[in-house]
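# Chain and residue survey
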Amino acid sequence: QIYRYWMRADCNAEVAYALSAVSDTSAKQRQVAANLLDYIFKKSNLRGDQKNDPSSAAYGLVGWSTTHPHVLYGDDNARVILGALGAAAHLKDGSWDKYIAEAIIANFRTSGKNGFRGERLEEANLLKAGLQAINDNEMVNPHPHFEAWMWACYLWLYDKTGHQPFLDQSKKAIALTMEKYPNWKWTNGIQQERARMILPLAWLVRVEDTPQHRQWLALIADRLLENMDSSGAIREELGAASDGRYGATKSNASYGKHEAPLIAVNGDPVADMLYTTNFGFFALNEAAAATGDRKYKDAVAKIADFLVRIQIESKVHPDLDGGWFRAFDYKRWEYWASNADAGWGAWGTLTGWTQSWIVTTLALQQKNQSLWDISKESQIKGEAKIAIKAMLPVK
């Protein structure tokens, strides 16, 4: 088994959340979870240099990895934030509130007029362009994989602070994205885009429970679940070729040279634990809690049962025992799919993304809880108000 020991901010935060989430978390696990958050925000270069300078346009952002701290993915920042606030809630520790609030606001102020950030920012380009040029960007990017979870973070902080622009910006971006549906951009499959969009739609219902917001949520969640097998597996699906960033591999010569879906054609009986099932499982649990709709709760239970039944069992590789690989063929009932995706093959796995969101959602589902609920009593408002005043001056 080949390992890549990159120190990624998102994976570290997600692991912190997972270590703190289970009911029998030991004192050692709790300490490791706290250490991981300290590492991200205080001790590594992930928030170093310009990202730790209050006068910098990059202040508050979190670098992708210690090897690439200049790369600023909004999606990865969102999962740093969600992992950190989940871990902080379980640990009942507000010592990271300042960094969580600043990260949310940093991403908010590096978005364009319509609430979109694009795939990623490079720190040097951000510093050269300045905040005003970024804010004036009129980009519309209906690509939930890269955009959607940051909107969920804005909605969460709106709930804690009442700062209206967080809600307004999120609603605008969500509305524009829903207007474009089903013609969304997609990365490794259209199902992962649907899975990612469910979370901000569920949390939008939390802050503004309107018929339209519930309709949007039902439209996307129901379409995701149309592909659910009786086993609980969620079948992958390719979107329109014209909208796809990485389509199915077209030749033997191109196999393994770029990112690629797990399937060759729609109908292949494959579930993806890296991009779709993991995030959909978590988001559907939030949708069930937000709406009280039984169909979401039943879907979560069905996915949970599927995931527990396909856990890796290995005495030869105890480091893999109890985890999940990326791809599962639910007709063969084994880990199997196209292995064309460079770096993220069918038998690959990830400490964040795959393991963490499955583990944390299993814990929430067993306790009939949601991330929104367990973080409801967050005392982040004080730190957030300070950051809002410093980072979002009134024009």
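This is a predicted model, so every value here is computed, not measured.

### Comments concerning helix 7 (residues 144-161)
- Between its first and last C-alpha, helix 7 extends 25 Å over 18 residues, near the 26 Å set by a 1.5 Å rise per residue.
- The element helix 7 is extensively covered by neighbouring structure, given that 17 of its 18 residues are classed as buried.
- Positive backbone phi, at 75°, marks Gly162, one or two positions downstream of helix 7.

### Focus on the packing of aromatic side chains
- Scanning all chains against the criterion turns up 22 aromatic pairs.
- Considering the side-chain rings of Phe108 and Phe166, the 5.0 Å spacing of their centres and the 90° angle between planes classify their relative orientation as edge-to-face. Here the residue Phe108 occupies a position in helix 4 (residues 97-109), and Phe166 occupies one in helix 8 (residues 164-180), the gap between them amounting to 58 residues.
- For the ring pair Phe325 and Tyr335, a centre distance of 5.1 Å and an interplane angle of 90° mean the geometry is edge-to-face. Of this pair, Phe325 sits in the loop between helix 12 (294-309) and strand 4 (327-329) while Tyr335 sits in the loop between strand 4 and helix 13 (351-366), placing them 10 residues apart in sequence.
- Assessed through its relative accessible area of 12%, Phe325 is described here as buried.
- Taken together, Tyr17, Trp149, Tyr275, Phe279, Phe282, Trp353 and Trp357 form an aromatic cluster joined through their ring pairs.
- A cation over a ring is seen here: Lys98 above Tyr99, with NZ or CZ 4.8 Å from the ring centre.
- The cationic tip of Lys160 hangs over the ring face of Trp372; the distance from NZ or CZ to the ring centre is 4.7 Å.

### Describing the packing of helix 1 (residues 9-21) against helix 3 (residues 74-91)
- Between helix 1 and helix 3, whose axes approach to 8 Å, the crossing angle comes to 25°. On the basis of their axis angle, the class for helix 1 and helix 3 is roughly parallel. As helix 1 packs across helix 3, the resulting crossing turns out to be left-handed. Contacts from Ala9, Asp10, Ala13, Glu14, Ala16, Tyr17, Ser20 and Ala21 in helix 1 reach Asp76, Arg79, Val80, Gly83, Ala84, Gly86, Ala87, His90 and Leu91 in helix 3.
- Its residues assigned to classes, the contact of helix 1 with helix 3 shows 9 nonpolar, 4 polar and 4 charged.

### What about the environment of Glu237?
- Position of Glu237 relative to the elements: it lies in the loop between helix 10 (211-225) and strand 3 (270-272).
- Relative accessible area serves as the criterion here: at 11%, Glu237 is assigned to the buried category.
- Separated by 211 residues in the primary sequence, Glu237 and Ser26 place their C-alpha atoms 40 Å from one another.
- Residues contacting Glu237, with those up to four places away along its chain left out, are Gly189, Ile190, Gln191, Arg194, Arg223, Asn227, Ile263 and Asn266.
- Looking at Glu237, its side chain comes within polar contact range of the side chain of Arg194, at 3.3 Å.

### Observations concerning the pattern of salt bridges
- Under the counting rule described, the total for this entry stands at 28 salt bridges.
- Here Arg47 makes a salt bridge to Glu102, at a shortest N to O gap of 2.8 Å. Placement of Arg47 in the loop between helix 2 (27-43) and strand 1 (71-73) and of Glu102 in helix 4 is noted, with a sequence separation of 55 residues between them.
- Across the pair Arg309 and Asp305 runs a salt bridge, and its minimum N-O distance is 3.1 Å. Taken together, the residues Arg309 and Asp305, both in helix 12 and 4 residues apart, mark about one turn of the helix.
- Since its relative accessible area comes to 43%, Arg309 is described here as partly exposed.

### Topic: the side chain of Gln169
- Its location among the elements puts Gln169 in helix 8.
- For Gln169, a relative accessible area of 14% gives the class buried.

### Section: helix 13
- In a regular helix each residue adds 1.5 Å, so 16 residues correspond to 22 Å; helix 13 covers 21 Å between its end C-alpha atoms and thus fits that length.
- Counting buried positions along helix 13 gives 12 out of 16 residues, so the element sits mostly inside the fold.
- Where helix 13 terminates, the next one or two residues include Asn368, which has phi positive at roughly 55°.

Quick notes on the rules
Residues numbered from 1 in each chain as written. Predicted model: local features only at pLDDT ≥ 70, side-chain atom pairs only at ≥ 80, totals over all residues. Heavy atoms only, no water. Helix = DSSP H or I, 4+ residues; strand = E, 2+ residues; numbered from the N terminus. Expected span 1.5 Å × (residues − 1). Buried < 20%, exposed > 50% of the residue type's maximum accessible area, 1.4 Å probe, protein only. Phe/Tyr/Trp six-rings, centres within 6.5 Å; stacked < 30°, edge-to-face > 60°. Lys NZ or Arg CZ within 6 Å of the ring centre and 35° of its normal. Axes fitted to C-alpha atoms, helices over the stretch in contact; angles between N-to-C directions. Parallel < 35°, antiparallel > 145°, perpendicular 65-115°, else oblique. Left-handed = near helix turned anticlockwise from the far one by under 90°. Contact = heavy atoms within 4.5 Å. Nonpolar A, V, L, I, M, F, W, Y, C, P; charged D, E, K, R; others polar. Polar contact = N/O pair within 3.5 Å; in protein donor to acceptor, adjacent residues only side chain to side chain. Salt bridge = Lys/Arg side-chain N within 4 Å of Asp/Glu carboxyl O.

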